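Chain and residue survey
As a plain string of letters, each chain reads:
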Amino acid sequence: PTRPRPKIILVIGGPGSGKGTQSLKIAERYGFQYISVGELLRKKIHSASSNRKWSLIAKIITTGELAPQETTITEIKQKLMQIPDEEGIVIDGFPRDVAQALSFEDQICTPDLVVFLACANQRLKERLLKRAEQQGRPDDNLKATQRRLMNFKQNAAPLVKYFQEKGLIMTFDADRDEDEVFYDISVAVDNKLF
Ligand code: UP5
Ligand code: MG
């Protein structure tokens, strides 16, 4: 398919790895549009709360499982259509597995860079627990958190391998101060995209 716009960065990593934090920094530094796929789904759930399909998706996400792939991609496509062609985009939290990656390439485009935030499991748990105390997302309960971590563990290796074989992915040690992580990301983005 033809590339609809110049630059797309995907940011992947475990729950609590800092996808949101780092994606926002990328968006700010490069003037890119920011799309959080988790947030997109949560907003839709909120606005379509009386709809049967979306009530079901709310249940799925609250337990820490993945929303149906086609629904997610449809939402991303709709969001992308609202963004002018010339603007760069950073997508936070997508894809979650190889099937989603294939489908994104097929239906949307090949990304220019995939940022993988690698972080120790124990650190992920600590960060999510801390955030749960501060704000508390519906899926920040103990059971859903375990489920999110497990799903990530199951899907991450094949997903990373898939992007590695395409030469698209760069891995960052996300087990450090967020500014240190971002410094490395910005050097990589400067080199690869500009
Ligand atoms: N923090 C961040 N960086 C830090 C650092 N370097 N040092 C110390 N602390 C750091 O960060 C998490 C917390 O850690 C924050 O308090 C932050 O200040 C601190 P954040 O940037 O929020 O991490 P992030 O990776 O974004 O964590 P999040 O919990 O959002 O990850 P999830 O992958 O769980 O959430 P997401 O919103 O992407 O997805 C939620 C659900 O939506 C999924 O479980 C799934 O059910 C559904 N979904 C789909 O089905 N399909 C999709 O494609 C996407 C989502
Ligand atoms: Mg997030």
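Keep in mind that this is a model prediction, so the values were computed, not measured. (Residues numbered from 1 in each chain as written. Chains lettered and ligands numbered in written order. Predicted model: local features only at pLDDT ≥ 70, side-chain atom pairs only at ≥ 80, totals over all residues. Heavy atoms only, no water.)

So, helix 1 (residues 19-30)
Condition: The secondary structure listing takes helices from DSSP runs of H or I that are at least 4 residues long and strands from runs of E that are at least 2 residues long, numbered from the N terminus. Helix span, expected: 1.5 Å multiplied by one less than the number of residues in the helix. Using a 1.4 Å probe on the protein chains alone, a residue whose accessible area is under 20% of its type maximum counts as buried, one over 50% counts as exposed, and one in between counts as partly exposed. Here, two residues are considered to be in contact whenever any of their heavy atoms come within 4.5 Å of each other.
In this model helix 1 runs 16 Å from its N-terminal to its C-terminal C-alpha over 12 residues, within 8% of the 16 Å that 1.5 Å per residue would give. What helix 1 keeps buried is the set Lys19, Gln22, Ser23, Lys25, Ile26, Ala27 and Tyr30. Elements in contact with the buried residues of helix 1: strand 1 (8-13), strand 2 (33-36), strand 3 (89-92), strand 4 (113-118) and helix 8 (178-193). Just past helix 1, the residue Gly31 takes up positive phi, approximately 65°.

Focus on the site of ligand 1
To be explicit about the condition: For this description, a residue counts as near a given molecule or strand if any of its non-hydrogen atoms is within 4 Å of it. Distance and chemistry together define a polar contact, namely a pair of N or O atoms within 3.5 Å, with one atom able to donate a hydrogen and the other to accept it when in protein, and with adjacent residues in sequence counting only for side-chain atoms on both sides. Computed by Shrake-Rupley with a 1.4 Å probe, the accessible areas treat only the displayed protein chains as cover when residues are assessed. By the convention adopted, Pro, Cys, Tyr, Trp, Phe, Met, Ile, Leu, Val and Ala count as nonpolar, Lys, Arg, Asp and Glu as charged, and the other residues, Gly among them, as polar.
Among the 30 residues in the neighbourhood of ligand 1, the closest are listed as Thr21, Glu65, Ala67, Arg96 and Arg176. Interatomic distance of 2.5 Å between a side-chain N/O atom of Thr21 and an oxygen atom of ligand 1. Note that an oxygen atom of ligand 1 is positioned 2.7 Å from one of the side-chain N or O atoms of Arg148. Contact with the protein chains hides 86% of the accessible area of ligand 1, taken as 1,000 Å² for the molecule alone. A total of 4 residues in the shell around ligand 1 trace back to one element, the largest contributor, which is helix 2 (residues 37-47). Of the residues contributing to the shell around ligand 1, the split by class is 8 nonpolar, 10 polar and 12 charged.

Comments concerning unusual backbone geometry
Of note, the amide linkage connecting Phe94 to Pro95 takes the cis form, showing an omega dihedral of -5°. Within the element layout of this structure, Pro95 appears in the loop between strand 3 and helix 5 (98-107).

Some details on the packing of helix 1 against helix 8
What counts is decided by this rule: Fitted lines through C-alpha atoms serve as axes, helices being fitted only where they are in contact, and the angles separating the N-to-C directions of these axes extend from 0 to 180 degrees. In what follows, roughly perpendicular refers to angles from 65 to 115 degrees, roughly parallel to angles under 35, roughly antiparallel to angles over 145, and oblique to any angle outside these ranges. Helix crossings fall into two classes, left-handed where the near helix is turned counterclockwise from the far one by less than a right angle and right-handed where it is turned clockwise.
One can describe the packing of helix 1 onto helix 8 by two numbers: an axis separation of 10 Å at closest approach and a directional angle of 50°. Judged on the interaxial angle alone, helix 8 and helix 1 are oblique. Helix 1 and helix 8 meet at a crossing whose hand is right-handed. Listed contacts from helix 8 to Thr21, Gln22, Lys25, Ile26, Arg29 and Tyr30 of helix 1 are Glu178, Asp179, Val181, Phe182, Ile185, Ser186, Val189 and Asp190. Along the lines of polarity and charge, the residues of the contact of helix 1 with helix 8 split into 6 nonpolar, 3 polar and 5 charged.

Considerations on the nonpolar core
As a reminder, the rule being used: We call a set of buried Ala, Val, Leu, Ile, Met, Phe, Trp, Tyr and Cys residues a nonpolar core when their side-chain atoms join them within 4.5 Å.
With 33 residues, the main nonpolar core has Ile76, Ile91, Phe104 and Phe163 as its most contacted residues. Sorting the residues of this core by element identifies strand 1, helix 2, helix 3 (52-62), helix 4 (69-81), strand 3, helix 5, strand 4 and helix 7 (142-165) as the ones contributing at least two each. Core analysis: the next-biggest nonpolar cluster, separate from the first, contains 21 residues, Val115, Leu149, Val181 and Ile185 among them.

Some words on the pairing of strand 3
Operational definition: Pairing between strands requires that DSSP locate at least two bridges from one strand to the other.
Burial of the side chains of strand 3 extends over both faces: Ile89 and Ile91 are buried on one face and Val90 and Asp92 on the other. The pairing of strand 1 with strand 3 spans 4 bridges and is parallel. Considered in strand 3, the bridge of Val11 is made with Asp92. Strand direction decides the pairing type here: strand 2 and strand 3, joined by 4 bridges, are parallel. When the sheet's bridge partners are listed, Tyr34 is paired in strand 3 with Val90.

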